[in-house]
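Here is how the chains run, residue by residue.
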Amino acid sequence: MAVPILKQGPFLIASIQSALTDTDVLQLRDDVMAQVTRHRSRGIIVDVTSLDVMDSFVSRSLQGIARMTRLRGAETVIVGIQPEVAFAMVQLGMSFEDVQTALDLEEGLALLEAGFGGT
Amino acid sequence: MAPDAVERIAIESDADVVTARQRARALAVTLDMPSTDQTLLATAISEIARNITTYAKRGEVCIELVRDANGRRGVKVVARDHGPGIADLERALTDGYTTGGGLGLGLPGARRLVDEFDIQTAPGEGTTVTLVKWTRG
Ligand SMILES: Nc1ncnc2c1ncn2[C@@H]1O[C@H](COP(=O)(O)OP(=O)(O)OP(=O)(O)O)[C@@H](O)[C@H]1O
Ligand SMILES: [Mg+2]
């Protein structure tokens, strides 16, 4: 299922609605890159609140999105990682070191605005 | 040990990977397994099932409810394929080892996520990974 991406001012908000197949994840990556380019976005929020599993593929792909968008001058923030999902990711050995995260959409937007507000 | 329920899921596409982990979680729920443990189990299955589609193209995941000698209940998952097998199992179980451009976390990570982990493999014959997650107490 495709992930809807909303434009909110200089930012994009991608809200994952349901479990993602690997194909969906790659589609999300391509869609985000296309929209960042089209709208010259300064920041992207990927809301993963509804994901009950973040395995190595999803984690690696989200890191990929963050790195690619950064090369376009846009910062990506992953919001809404559930506590149990975070626990599983740590056990799995995933580190999200170079990716910005925030508790929820509101905090994610605040983070982006603090970094890019007024520009 | 009465075979409470056995579910077999053919693994051929990335959608099947999602189905396998969702079915396992649904069975774990029937045991009142703590939700955190359900998540650990589902994540482990996702890794193992994806290795099937990545390295063996197709295979299957069988999920069943099991009970040990003390009556403790759990979910057992057997992921089987007849793909290329793993030549150097010890390295494959090491964090960071990958032949597929991944992070090399799938097998060692899945092992950390479950209570029992076994892998049988031979080059040219395929790979069978068995996982068990027990309910607590
Ligand atoms: N079912 C399988 N059949 C054949 N080879 C396998 C299978 N599962 C794993 N392997 C081999 O073991 C290696 C390690 O697997 P593991 O899942 O740990 O990492 P990965 O798949 O390479 O990367 P990641 O899972 O982090 O994306 C693989 O690169 C592959 O060579
Ligand atoms: Mg793997």
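The structure this text deals with has already been given above.
In what follows, the accompanying structure is described. Predicted model only: the values in this text are computed from it and were never measured. (Residues numbered from 1 in each chain as written. Chains lettered and ligands numbered in written order. Predicted model: local features only at pLDDT ≥ 70, side-chain atom pairs only at ≥ 80, totals over all residues. Heavy atoms only, no water.)

1. Observations concerning the pattern of salt bridges
Okay, step 1: Evaluation of the coordinates by the stated rule reveals 14 salt bridges over all chains.
Okay, step 2: One salt bridge in this structure joins Arg21(B) and Asp55(A), with 3.8 Å as the shortest N-O distance. Remark: Asp55(A) occurs in the loop between β3 (43–47) and α2 (56–71) and Arg21(B) occurs in helix α1 (residues 14–30); the pair is interchain, linking two chains. Accessibility assignment for this pair places Arg21(B) and Asp55(A) in one class, buried.
Okay, step 3: Here Asp95(B) and Arg112(B) are joined by a salt bridge, their closest N and O atoms 3.1 Å apart. In this pair, Asp95(B) sits in the loop between α3 (89–92) and α4 (106–113) while Arg112(B) sits in helix α4, placing the two residues 17 residues apart along the sequence. (Salt bridge = Lys/Arg side-chain N within 4 Å of Asp/Glu carboxyl O. Helix = DSSP H or I, 4+ residues; strand = E, 2+ residues; numbered from the N terminus. Buried < 20%, exposed > 50% of the residue type's maximum accessible area, 1.4 Å probe, protein only.)

2. Observations regarding the sheet that holds strand β4 (residues 116–122) of chain B
Residue and element names in this part refer to chain B.
Okay, step 1: Taking strand neighbours across the sheet as the criterion, the five strands line up as β1-β2-β3-β5-β4 in an open arrangement whose pairing is antiparallel. The open sheet has two edge strands with one neighbour each: β1 (6–11) and β4. Strand-to-strand twist across the sheet, computed as the mean angle between neighbouring axes with direction ignored, equals 15°.
Okay, step 2: Summarising the sheet, strand β2 (residues 59–67) and strand β3 (residues 73–81) pair through nine bridges and their orientation is antiparallel. Directly across from Glu 60, in β3, lies its bridge partner Arg 80. (Pairing = 2+ DSSP bridges. Axes fitted to C-alpha atoms, helices over the stretch in contact; angles between N-to-C directions.)

3. Focus on the nonpolar core
Okay, step 1: If you look at the biggest cluster of nonpolar residues, it comprises 62 residues, and the most contacted ones within it are Leu28(A), Met54(A), Leu62(A), Val61(B), Val75(B), Phe117(B) and Leu131(B).
Okay, step 2: Looking at which element gives the most residues to this core, the answer is helix α2 (residues 35–56) of chain B, with seven residues.
Okay, step 3: Once residues lying within four places of it in the same chain are set aside, the contact partners of Leu62(A) are Val46(A), Val48(A), Met54(A), Ile78(A) and Phe96(A). (Core = buried A, V, L, I, M, F, W, Y, C linked by side-chain atoms within 4.5 Å. Contact = heavy atoms within 4.5 Å.)

4. Points about the site of ligand 1
Okay, step 1: Surveying the vicinity of ligand 1 reveals 22 residues, the closest of which are Asn51(B), Tyr55(B), Thr98(B), Thr99(B) and Leu105(B).
Okay, step 2: Mapping the residues adjacent to ligand 1 onto the chains of the assembly identifies chains A and B.
Okay, step 3: Take Leu107(B): an N or O atom from its main chain is 2.8 Å from an oxygen atom of ligand 1.
Okay, step 4: The fraction of the free accessible surface of ligand 1 (590 Å²) that becomes covered by protein chains is 94%. (Near = heavy atom within 4 Å. Polar contact = N/O pair within 3.5 Å; in protein donor to acceptor, adjacent residues only side chain to side chain. Areas by Shrake-Rupley, 256 points an atom, 1.4 Å probe, with all protein chains shown as cover.)

5. Comments concerning α4(B)
Okay, step 1: By the criterion of burial, α4(B) is predominantly enclosed, with six of the eight residues buried.
Okay, step 2: Among the structural elements, α3 (83–92) of chain A together with α2, α3, β4 and β5 (126–134) of chain B are those in contact with the buried residues of α4(B).

6. Examining the environment of Thr21(A)
Okay, step 1: Inspection of the secondary structure assignment puts Thr21(A) in the loop between β2 (11–15) and α1 (22–39).
Okay, step 2: Residues Thr21(A) and Glu113(A), spaced 92 residues apart in sequence, show a C-alpha to C-alpha distance of 31 Å.
Okay, step 3: In this structure Thr21(A) touches Asp14(B), Ala15(B) and Val18(B), once residues within four positions along its chain are discounted.

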